Amino acid sequence: MTDSNHNPVHVGGSCETPIDESASGARSMDTQTSSANGHTSRPGHRLNASVALLLLALVFVYSAASWVQFWRHSAGGGGDRVLLFTQTDFPAIVIAARLVASGRGHALYDLDAQLQEQHKLEAEGYLRLPPGWKLEYPYPYTPFIAVLWSPLVALSPLDQMALWDLLNLAAMVVGLWYLLTALPLPPFTRAALLLAALTCLPFIVNLQQGQTSGLTMLAFGMGIRLLREGRDLPAGLILGLLAFKVQWLPVLGLVLLWKQRWRVIAGMVSTGFGLLVVTALTMGVTWVPGYLQVLWRVPQGGAEFELDPWYGHGLSGGLAALLGLGSAPTVRLLSAVAALLIVAGLLYVWRGDPGWQIGTAQWDGRMALTMQAILFTNPQLNTHDLCLFALPAALGTAYLGRSNAADTYRPVWYGMLWSGYFISAFALYTGPVRLTSLVQGAVLAFLAVRLVRRHWHRALLGHQPTGS
């Protein structure tokens, strides 16, 4: 069978025998097939499942309690829902959408125009800020969110955020579950991964702050499944939605170019072009210079956007915690160099894939590594972004589950996943060792070592004399 680019593929995932898996491949596949159908004879399976569900429930209770305490603190300050809304990031989207709806899209990235709209929200009683306060909610995103949200500005800003959070929640569930049901995972594992994503503190923060992680999960989850099924053009059309937050695109784009997935790239470009056309028809193109300035300022840590790497949880956040506050310029330089090395290693791992072996364990492993590299090298991996860790967790679990070495590595893998889950709830900003960054880096290294080891193993076998 071939995919849309006429490369040979294996559908279903059990046609390839992963690395040190060749000696007992048939036995491994039989075991994993029964596990994928939910029939496992492991003693204590029900106990393990019950303990896992209990842990998920406890963290959810803790996260929900944190949210309630945040609300009660705001209400106690006399601001009720308004003071709560003031402490979120969502006013930036309301302000941007209002600028577009009022015919001032050309001023979308004008900080003075944004400040005027902020003052209007204060005058209307939707924000509680000190008199004469500076711009609190600069808009750093592409214009597409503001354009598509502008028809809803007639609603109360508080109602807008409630609707936004509902859409975020739905997108999170649909995107992740769409991917999970395509992976060879036991039913309980699928349910546990979905529950972990929904109950973790980062996703609670995502809803609390009115952020976009749900939309990001929808694009990645649906896009990766379509890629895995060989449906390149639809995958590209869905992945093109990442244009809403372009920082997710560079690493994935490089991998697709490296593997010459032209239909995927064509789909992504088509979606991006469509969004540009809608934006141009709505508010012209005079916003372009302002957005280019934003693209220039954000990587430099523009003070107006308050993007200090110390608050990150990826590579840059780990370095900032290690080097201390005030080390932002050094951190950005070191992060850029390290990110280039990580991406080079990622492309090397994909180089070992003959063609585009979709549906195989190795493809799942390489895509898990890709997603983890995207997260870890993100220059501003915020707290709410950590809920996207469910993507490499799911793909990596599917990859490892089809290896006869799984029993050896499974405790390490699940230990890292559980560590990431609990640390994100109880130890977000540690120093000088940022534990969240440490877990992200450990998962990246684990996947890289496994995949590179297999590549070298196959290369050695290929150079052995026939019959050796």
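Worth saying up front: this structure is predicted, and the values here are computed from it rather than measured.

Draft legend 1. Spatial organisation of the confidence of the model for the chain. Chain-level statistics for the chain give a pLDDT mean of 84 and a share of 81% at 70 or above. Counting contacts from residues 8–41, a segment whose pLDDT is below 50, to residues more than four positions away or on other chains yields 72 contacts. Between residues 463–468, whose pLDDT stays under 50, and residues either more than four places distant or in other chains, the model counts zero contacts.

Draft legend 2. How the structure looks around empty space enclosed by the protein. Per the counting criterion, the structure on display carries one cavity of 30 Å³ or more. For the largest cavity, the calculated volume is near 40 Å³. T212, L215, T216, A219, L241, L242, F244 and K245 together form the lining of the largest cavity.

Draft legend 3. Molecular detail of the packing of helix α7 (residues 157–180) against helix α8 (residues 187–199). Where α7 meets α8, the axes come as close as 10 Å, and the angle between the chain directions of the two elements is 155°. Put simply, α7 runs roughly antiparallel to α8. Here α7 and α8 pass one another in a crossing that is right-handed. The residues of α8 that touch α7, namely those facing L169, M172, V173, L176, W177 and L180, are R190, A191, L193, L194, A197 and L198.

Draft legend 4. Molecular detail of helix α12 (residues 250–258). Among all positions in α12, only V251, L252, G253, V255 and L256 are buried. Q260 lies just past α12 and shows a positive phi near 55°.

Draft legend 5. Region of the structure containing the packing of α12 against helix α16 (residues 328–351). Between α12 and α16, whose axes approach to 10 Å, the crossing angle comes to 35°. Pair α12 / α16 crosses with right-handed handedness. Here α12 contributes V251, L254, V255 and W258 to the contact with α16, which in turn contributes V343, L346, L347, W350 and R351. Taken together, the residues of the contact of α12 with α16 break down into eight nonpolar, no polar and one charged.

Draft legend 6. Highlighting unusual backbone geometry. Unusually for a residue other than glycine, Q260 sits at a positive phi of about 55°. Within the secondary structure, Q260 sits in the loop between α12 and α13 (262–283).

Draft legend 7. Expanded view of the packing of aromatic side chains. For the structure on display, the rule yields 22 aromatic pairs. When the centroid spacing of 5.9 Å and the interplanar angle of 85° are considered together, the rings of W418 and Y421 count as edge-to-face. Of this pair, W418 and Y421 are both found in helix α19 (residues 406–426), three residues apart, which corresponds to roughly one turn of the helix. Residue W418 is classed as partly exposed on the basis of its relative accessible area of 28%. Classification of Y421 as buried rests on a relative accessible area of 7%. Taking 6.5 Å as the distance between ring centres and 15° as the angle between the ring planes, the aromatic pair formed by F422 and F426 counts as stacked. In this pair, F422 and F426 both sit in helix α19, four residues apart, roughly one turn of the helix. The partly exposed category is assigned to F422, whose relative accessible area is 24%. Among the aromatic residues, those joined into a cluster by ring pairs are Y109, Y139, Y141, W287 and Y291. When the ring centre of Y178 is taken as origin, the NZ or CZ atom of R225, which lies over that ring, is 4.3 Å away. The ring of Y409 is capped by R450, whose NZ or CZ atom sits 4.4 Å from the centre of that ring.

What counts and how
Residues numbered from 1 in each chain as written. Predicted model: local features only at pLDDT ≥ 70, side-chain atom pairs only at ≥ 80, totals over all residues. Heavy atoms only, no water. pLDDT = per-residue confidence, 0-100. Contact = heavy atoms within 4.5 Å. 1 Å grid on protein atoms, 1.4 Å probe; cavity = no way out; pocket = protein on both sides within 12 Å on 5 of 7 lines; lining within 4 Å. Points joined across faces, edges and corners; volume = space filled by probe spheres on them. Axes fitted to C-alpha atoms, helices over the stretch in contact; angles between N-to-C directions. Helix = DSSP H or I, 4+ residues; strand = E, 2+ residues; numbered from the N terminus. Parallel < 35°, antiparallel > 145°, perpendicular 65-115°, else oblique. Left-handed = near helix turned anticlockwise from the far one by under 90°. Buried < 20%, exposed > 50% of the residue type's maximum accessible area, 1.4 Å probe, protein only. Nonpolar A, V, L, I, M, F, W, Y, C, P; charged D, E, K, R; others polar. Phe/Tyr/Trp six-rings, centres within 6.5 Å; stacked < 30°, edge-to-face > 60°. Lys NZ or Arg CZ within 6 Å of the ring centre and 35° of its normal.

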